[in-house]
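# Report on the structure
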Amino acid sequence: MTDASTSAQHTFRDLLHAQRVWDVDLPAFDPSAAPRTPLPLFHTWFAEAVAAGQTEPHTMTLATVDAEGHPDVRTLMLHDADDRGWHFATHATSAKGRQLAAHPHAALGFYWPTQGRQVRVRGPVTACTPAESRADLHVRSTGALASALVGRQSEVLGSHEELNRASDAAWERAQAEPEADVTSWTRYVVEPHEVEFFQGDARRRHVRLRYRRDGGNWTRELLWP
């Protein structure tokens, strides 16, 4: 390692170790008062994250496995959370779409640092109907439709100019045909078998409440932090 790279590494470590977590007042969380099922608590925590000014609280990580069983993860947006589960959408032809077709299970992660909260969701994934997927696409913005029309997600890109040409053409079509269909666009739903709510504590006495589906019922249990 050269002197320059060694210095850069030291600078990075100093910067990394200087960062602090939760230098704010964090909300209390009494798990004994939590609802019997996880969805109402998720709705409440989401609304509280919005009220606290959390940036993009609807973003989440999605973890899948590839054909070799290796984990893969990315950040995307939540489209709904209802009695069926947690919803998102992507191209069925994308890397994550292909992975879900082969291994239809996933994990989701939400992180809301303004309140020191995390939510983790795990379970099987189901593709929604074509009609629901079309409705999901057309309720979004022109830019989102244009991006979907470009397609080819996760494929190797030859040049940025190639993307610019495809994007310009897709924008024109999205504006001219707001009901244009994208057959590969698919809405998915994660049916929760486990949902964990994590409330951080400045003294590291974090509260972890896990909901675990047991047949048609939910079992609640505390976890060591």
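Residues numbered from 1 in each chain as written. Predicted model: local features only at pLDDT ≥ 70, side-chain atom pairs only at ≥ 80, totals over all residues. Heavy atoms only, no water.

## So, the nonpolar core
Heads up, the condition is: For this analysis, a nonpolar core means a set of buried residues of the types Ala, Val, Leu, Ile, Met, Phe, Trp, Tyr and Cys, connected via side-chain atoms within 4.5 Å. Partly exposed residues are those whose accessible area sits between 20% and 50% of the maximum for their type, while under 20% is buried and over 50% is exposed, using a 1.4 Å probe and protein chains only. Secondary structure counts use DSSP, requiring at least four H or I residues in a row for a helix and at least two E residues in a row for a strand, with both numbered from the N terminus. Contacts are assigned to residue pairs with any non-hydrogen atoms lying within 4.5 Å of each other.
By size, the foremost hydrophobic cluster in this structure holds 29 residues, and its most contacted members are Phe42, Trp86, Phe88, Phe110 and Val119. Elements represented by at least two residues in this core include exactly α2 (38-51), β1 (59-65), β4 (85-91), β5 (105-112), β6 (117-127), β7 (185-190), β8 (194-199) and β9 (207-214). Residue contributions to this core peak at 5 residues, all from α2. Excluding its chain neighbours within four sequence positions, the residues that come into contact with Phe88 are Met60, Leu62, Leu76, Met77, His79, Leu100, Val125, Thr186, Arg187, Tyr188 and Val190. Membership of the second largest hydrophobic core comes to 11 residues, among which are Leu137, Leu145, Ala146 and Ala174.

## Digging into the pairing of strand β10 (residues 217-223)
Test applied: We call two strands paired when DSSP finds no fewer than two bridges between them.
The sheet contact formed by β9 and β10 spans 7 bridges and is antiparallel. Paired with Tyr211 across the strands is Arg220, a residue of β10.

## A word on the side chain of His91
As a reminder of what qualifies: We call two N or O atoms a polar contact when they sit within 3.5 Å, provided that within protein one can donate a hydrogen and the other can accept it, with sequence-adjacent residues counted only if both atoms are side-chain atoms.
Within the secondary structure, His91 sits in strand β4. Polar side-chain contacts of His91 include one of 3.4 Å to the backbone oxygen of Ala148.

## A word on the pairing of β8
Among the 6 residues of β8, 5 are classified as buried, and the element is accordingly described as predominantly covered. With 6 bridges connecting them, β6 and β8 associate as antiparallel partners. In the sheet register, Arg122 faces β8, and the bridge partner there is Glu194. Alignment of β8 against β9, held across 6 bridges, turns out to be antiparallel. Bridge pairing links Val195 to Tyr211 in β9.

## Notes on the packing of aromatic side chains
Short version of the rule: Side-chain rings of Phe, Tyr and Trp, where Trp is taken by its six-membered ring, are said to pair if the distance between their centres is within 6.5 Å; with planes under 30 degrees apart they count as stacked, over 60 as edge-to-face, and otherwise as tilted. Lysine and arginine charges are scored as sitting over a ring when NZ or CZ, respectively, is within 6 Å of the ring centre and within 35 degrees of the ring normal.
If you walk through the whole model with that rule in mind, you get 12 aromatic pairs. Linked through ring pairs, Phe29, Trp45, Phe197, Tyr211 and Trp218 together constitute an aromatic cluster. The residue whose ring lies beneath Arg117 is Trp45, and the NZ or CZ to ring-centre distance is 4.1 Å.

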